[in-house]
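For reference, the chains in residue letters:
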Amino acid sequence: MLPRREVFPHVIEINYQARQRLGCCVYLVFNDQNEWLLIDIGYEDTVAEIIEMIRQMDFPLVNCKYLIATHADVDHIQGLSRAKELLPSAQVVAHPSAARLLEVGDRISTYAEISAQGISIDMPACQIDLEVNEGDVIDLGGDVKLEVWHTPGHTDGQLAFRFGELLFSGDNIYRDGCVGHIDAHHGSDIPDFIKSLERIRDCDARWLLPSHGPIFQNKRELLQSTIDRLNTYLHMADFGTCAVDWPLQDEWDEELLKGFDPETAE
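What you see is a predicted model; the values in this text were computed from it and never measured.

Undergrad: Before we go on, may I ask you to explain the overall build of the chain in this structure?
TA: When helices and strands are tallied, the chain shows eight helices and 15 strands. Here the C-alpha coordinates of the chain stretch approximately 80 × 40 × 35 Å along the principal axes. Counting over 266 residues, the chain shows a buried share of 48%. A fraction of 61% describes how many contacts in the chain between residues 6 or more apart in sequence connect residues 24 or more apart. About 12,800 Å² of surface is accessible on the chain, with carbon and sulfur atoms providing 49% of the total. With 21 positive and 46 negative side-chain charges, the chain shows a spacing of 9 Å between the two charge centroids.

Undergrad: Would you explain the sheet that holds strand β6 (residues 91–94) in this entry?
TA: In a beta sheet, neighbouring strands pair by backbone hydrogen bonds and run either parallel or antiparallel. Overall, mixed pairing links the seven strands, which are arranged β1-β2-β3-β4-β5-β6-β9 in an open sheet. Strands with a single pairing partner mark the edges of an open sheet, and in this sheet they are β1 (6–8) and β9 (130–131). Here three bridges tie strand β5 (residues 64–68) to β6, and the two strands are oriented parallel to one another. Looking at the pairing, Y66 lines up with Q91 of β6. Sheet strands in contact with helix α5 (residues 96–104) are β6 and β9, and its direction is about 125° off that of β6.

Undergrad: Explain the pattern of salt bridges here, please?
TA: Where charged atoms of side chains with opposite charge meet at close range, the side chains can pair. Counting across every chain of the model gives nine salt bridges. A salt bridge links D204 to R162; its shortest N-O distance comes to 2.8 Å. With a gap of 42 residues between them, D204 in the loop between α6 (190–202) and β14 (207–210) and R162 in strand β12 (residues 159–163) connect regions that are remote in the sequence. The class of D204 is exposed, set by a relative accessible area of 64%. Of the charged contacts, one joins R201 and D202 as a salt bridge, the two residues approaching to 2.8 Å between their closest N and O atoms. Residue classification places D202 among the partly exposed residues on the basis of a relative accessible area of 47%. Residues participating in the shared-partner salt-bridge network are R201, D202 and R220.

Undergrad: Before we go on, may I ask you to explain the pairing of β6 in this structure?
TA: Each regular strand carries side chains that alternate between the two faces of the sheet. Examined bridge by bridge, β6 and β9 share two bridges and lie parallel to one another. The residue of β9 that forms the bridge with V93 is L130.

Undergrad: In this structure, what is going on with the packing of aromatic side chains? I would like to understand it.
TA: The description of two aromatic rings rests on the distance between their centres and on the angle between their planes. In the structure shown here, the tally under the stated rule is five aromatic pairs. An aromatic cluster is defined as three or more aromatic residues linked by ring pairs; in this entry it consists of F30, W36 and F59. R4 extends its terminal NZ or CZ atom over the ring of F30, reaching a point 5.4 Å from the ring centre. Taking NZ or CZ as reference, R199 lies 4.0 Å from the ring centre of W149, over its face.

Undergrad: I'm lost on the sheet that holds strand β15 (residues 216–217) in this one. Help?
TA: A sheet is described by the order of its strands in space; here six strands give the open sequence β10-β11-β12-β13-β14-β15, paired in mixed fashion. Looking at strand neighbours, the two that pair on one side only are β10 (137–141) and β15, the edges of this open sheet. Bridge count between strand β13 (residues 166–170) and β14: four bridges; the pairing is parallel. Its bridge partner lying in β14, G170 is registered against P210.

Undergrad: What is the right way to look at α5 in this model?
TA: Listed in full, the buried residues belonging to α5 are S97, A98, A99 and L102. Along its buried surface, α5 packs onto α3 (74–77), α4 (80–86), β6 and β9. Two residues or fewer past α5, G105 is found with a positive phi of approximately 60°.

Undergrad: Please explain the pairing of strand β3 (residues 27–30) as it appears in this structure.
TA: Side chains of β3 alternate between two faces, with Y27 and V29 and L28 and F30 buried alike. One ladder, built from three bridges, connects strand β2 (residues 11–13) with β3; its direction is antiparallel. Across the sheet, the residue bridging to E13 is Y27, located in β3. Here β3 runs beside strand β4 (residues 36–39); their pairing, made up of four bridges, is antiparallel.

Undergrad: Explain the UniProt feature "domain: Metallo-beta-lactamase" (unreviewed entry) in the chain to me, please; I cannot follow it from the model alone.
TA: The sites that carry the UniProt feature "domain: Metallo-beta-lactamase" (unreviewed entry) are, in the present numbering, residues 23–212. Taken end to end, residues 23–212 is 23% helix and 26% strand, and its first and last C-alpha atoms sit 8 Å apart.

Undergrad: Hey, could you run me through the state of the cysteines in this one?
TA: What makes a disulfide is a covalent bond joining the sulfur atoms belonging to two cysteines. Using the criterion set out here, one finds zero disulfides in the structure. This cysteine, C25, is not joined by any disulfide, and C24 carries the nearest cysteine sulfur, 6.8 Å off. You can see C126 has no disulfide; the closest cysteine sulfur is in C64, sitting 12 Å from it.

Conventions we followed
- Residues numbered from 1 in each chain as written.
- Predicted model: local features only at pLDDT ≥ 70, side-chain atom pairs only at ≥ 80, totals over all residues.
- Heavy atoms only, no water.
- Helix = DSSP H or I, 4+ residues; strand = E, 2+ residues; numbered from the N terminus.
- Buried < 20%, exposed > 50% of the residue type's maximum accessible area, 1.4 Å probe, protein only.
- Contact = heavy atoms within 4.5 Å.
- Areas by Shrake-Rupley, 256 points an atom, 1.4 Å probe, with all protein chains shown as cover.
- Lys, Arg positive; Asp, Glu negative; His and termini not counted.
- Charge placed at Lys NZ, Arg CZ, Asp CG, Glu CD.
- Pairing = 2+ DSSP bridges.
- Axes fitted to C-alpha atoms, helices over the stretch in contact; angles between N-to-C directions.
- Salt bridge = Lys/Arg side-chain N within 4 Å of Asp/Glu carboxyl O.
- Phe/Tyr/Trp six-rings, centres within 6.5 Å; stacked < 30°, edge-to-face > 60°.
- Lys NZ or Arg CZ within 6 Å of the ring centre and 35° of its normal.
- UniProt positions renumbered as here; feature names shortened; annotations may be inferred.
- Disulfide = S-S within 2.5 Å.

This is the structure in structure tokens:
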């Protein structure tokens, strides 16, 4: 049997458990009766390895109650269908917006297909058993209950989960202050993103457990720095239709009325 390397009581992160990076962060949360759930699963090609590791930690596979998707990006959920085959007693859980993409195996919105970059991978469809949204509670039993937060911005279906002093924070924020990518095609929304980050900044969760990279403390100054940066994105052409305006356009309108003068142009 493998020793359980808990990062916090009742929480194991599979990459930390393996002592190597297997993909996105995969969190195993369990109660005193050895009932358990997974938050995200990652790519299909690591599912068997992850589940075998869990079995070797003496978690009965029949005791898996939930397979949760933080959101419908392929690097988080490509393996859900395979995991469901191996863990048939588990309910697959997602936000309604993510559920729609998962149930049809949408290759475009999940980023399984990005033709301009030569990315084309399978995106198996997966039936969602339970849709959750803001304020719902995922009750594993005993004292293990996850409060569902809807934290849109990166995607409309992005979820976070509060568990005591921990917040499983998805792709909202990473330890270096970066955030999940912002892309209009992906349904990103910068004002929503800022609101979600403000909520995380102002909450009393001590630790943030992200979907990528290391676990870190919830530091107000880090969140505020990221919020300030995203506020600048609202007014930059770099972010296309995710921006709310482009001040240079207003300047140009004024200059069009005046006409162009190379003697005064900057």
